[in-house]
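For reference, the chains in residue letters:
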Amino acid sequence: LLRAPVTGSTVLAENASLGVLASGNREAYEKTLPLFEILGKNQFYLGDGEEARVMKLSLNIMIGTSMQMMAEAVVLAEKAGLDVAQVCSVIGGSAVGSPLIGYKVDPISKGIYNPAFNVKMMMKDFDLAFEASKQYGASMPVTAVTRQFLAAADASGRGDKDFSVLVEQLESICGISR
């Protein structure tokens, strides 16, 4: 058996551009590698145990906390009178731009939060990451704060929206309505 979570969104799945994180029996991995290569260009064999699960959770906490940082940057700029679409374009084209930010620039600019990965799913992954952090003795203070913002988004009726709705959640907290 292999653990083989994937990285990437529904858009990347449609384009066969997912990444595969695998752990388990190395021989089984080598046999299945041609199938994984169909899913996308990046395949990673991480070890013979739980490594793929932990790596996937690690990536998702980076994705979630990155979106909270983007929310804070957008709202600060917005409160200062800057145009949200322009702010998002600048962020996407700057040193902090990444594939994740690139995927989210247009929807955030337009205030459209159709779920590719919803708030409730991100909260579930954060909770699983906290379990792993207890198991391995890792501290995750920034993740804990971001988890609270996800909970607030869920409590305000945004749980089924894309996790990038953290921008809208913070706008609401700061008295901005678009």
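Residues numbered from 1 in each chain as written. Predicted model: local features only at pLDDT ≥ 70, side-chain atom pairs only at ≥ 80, totals over all residues. Heavy atoms only, no water.

**Student:** Give me the overall build of the protein chain: which residues, what numbers.
**Tutor:** Within the protein chain one finds eight helices and four strands. If you list the helices and strands of the protein chain from N to C, you get β-β-α-β-α-β-α-α-α-α-α-α. Expected size for 178 residues packed as a compact globule is a radius of gyration near 16 Å; at 18 Å, the protein chain falls within 12% of this value. Taking the principal axes of its C-alpha atoms as reference, the protein chain extends roughly 55 × 35 × 30 Å. Scored against the burial criterion, the 178 residues of the protein chain give a buried share of 38%. Of the roughly 9,600 Å² of accessible surface on the protein chain, a fraction of 59% belongs to carbon and sulfur atoms. Side chains of the protein chain give 16 positive and 19 negative charges; the mean places of these two sets differ by 2 Å. (Helix = DSSP H or I, 4+ residues; strand = E, 2+ residues; numbered from the N terminus. Rg over C-alpha atoms; globule rule 2.2 N^0.38 Å. Buried < 20%, exposed > 50% of the residue type's maximum accessible area, 1.4 Å probe, protein only. Areas by Shrake-Rupley, 256 points an atom, 1.4 Å probe, with all protein chains shown as cover. Lys, Arg positive; Asp, Glu negative; His and termini not counted. Charge placed at Lys NZ, Arg CZ, Asp CG, Glu CD.)

**Student:** Explain the pairing of strand E3 (residues 19-24) to me, using residue names and the numbers behind them.
**Tutor:** A regular strand places its side chains on the two faces of the sheet in alternate fashion. Counting buried residues along E3, six of its six residues qualify, which places the element largely inside the surrounding structure. Here E3 shows no split at all, with Gly19, Leu21 and Ser23 on one side and Val20, Ala22 and Gly24 on the other all buried. Inspection of the sheet shows strand E1 (residues 2-3) paired to E3 by two bridges, in the antiparallel sense. Pairing of Leu2 across the sheet is with Gly24, part of E3. (Pairing = 2+ DSSP bridges.)

**Student:** Got a sec to walk through the nonpolar core? Specific residues and values, please.
**Tutor:** Residues Met67, Met70, Val74, Cys88, Ile108 and Leu150 are the most contacted members of the largest nonpolar core, which totals 31 residues. In terms of residue count, helix H3 (residues 51-79) provides more of this core than any other element does, eight residues in total. In this structure Leu150 touches Val119, Met122, Met123, Phe126 and Leu166, once residues within four positions along its chain are discounted. Counting five residues, the second-largest nonpolar core is a separate cluster that includes Val20, Ala22, Tyr29 and Leu33. (Core = buried A, V, L, I, M, F, W, Y, C linked by side-chain atoms within 4.5 Å. Contact = heavy atoms within 4.5 Å.)

**Student:** Mind laying out the packing of aromatic side chains, listing which residues take part and the relevant values?
**Tutor:** The description of an aromatic ring pair uses the distance of the two centres, along with the angle that the planes make with each other. All told, the structure shown has three aromatic pairs when counted by the stated rule. When the centroid spacing of 6.1 Å and the interplanar angle of 40 degrees are considered together, the rings of Tyr29 and Phe36 count as tilted. With respect to class, Tyr29 is no different from Phe36; both count as buried. An angle of 80 degrees between the planes, with centres 6.5 Å apart, marks the rings of Phe117 and Phe163 as edge-to-face. With a gap of 46 residues between them, Phe117 in the loop between helix H5 (99-110) and helix H6 (119-136) and Phe163 in the loop between helix H7 (141-158) and helix H8 (166-173) connect regions that are remote in the sequence. Three or more aromatic residues link up through ring pairs in this structure, and these residues are Tyr29, Phe36 and Tyr45. (Phe/Tyr/Trp six-rings, centres within 6.5 Å; stacked < 30°, edge-to-face > 60°.)

**Student:** Describe the environment of Met122, with residues and values.
**Tutor:** Secondary-structure assignment places Met122 in helix H6. Sequence separation between Met122 and Ser23 is 99 residues, and the spatial gap between their C-alpha atoms is 22 Å. In this structure Met122 touches Asn60, Ile63, Gly64, Phe117, Leu150 and Phe163, once residues within four positions along its chain are discounted.

**Student:** Account for the side chain of Arg147, with residues named and values stated.
**Tutor:** Note on placement: Arg147 falls in helix H7. The exposure class of Arg147 is buried, given its relative accessible area of 16%. Apart from residues no more than four positions distant in its own chain, Arg147 is found in contact with Met123, Phe126, Asp127 and Phe130.

**Student:** Now, about the environment of Cys174: what can you tell me, with residues and values included?
**Tutor:** Structurally, Cys174 can be placed in the segment after H8. Sequence-wise, Cys174 and Lys79 are 95 residues apart; in three dimensions their C-alpha atoms are separated by 8.4 Å. Contacts of Cys174, omitting those with residues within four sequence positions, involve Val75 and Lys79.

**Student:** Kindly report on the pattern of salt bridges, identifying the contributing residues and their values.
**Tutor:** Under the definition given, this model contains 13 salt bridges. As a salt-bridge pair, Glu30 and Arg26 come within 3.0 Å of each other at their nearest N and O atoms. Of the two residues, Glu30 and Arg26 are both situated in helix H2 (residues 26-39); the distance of four residues between them amounts to about one turn of the helix. Residue Glu30 is classed as partly exposed on the basis of its relative accessible area of 39%. Among the ionic pairs, Glu168 bridges to Lys161, the shortest N-O distance being 3.6 Å. Taken together, the salt bridges that share partners define one network made up of Arg3, Glu50 and Arg53. (Salt bridge = Lys/Arg side-chain N within 4 Å of Asp/Glu carboxyl O.)

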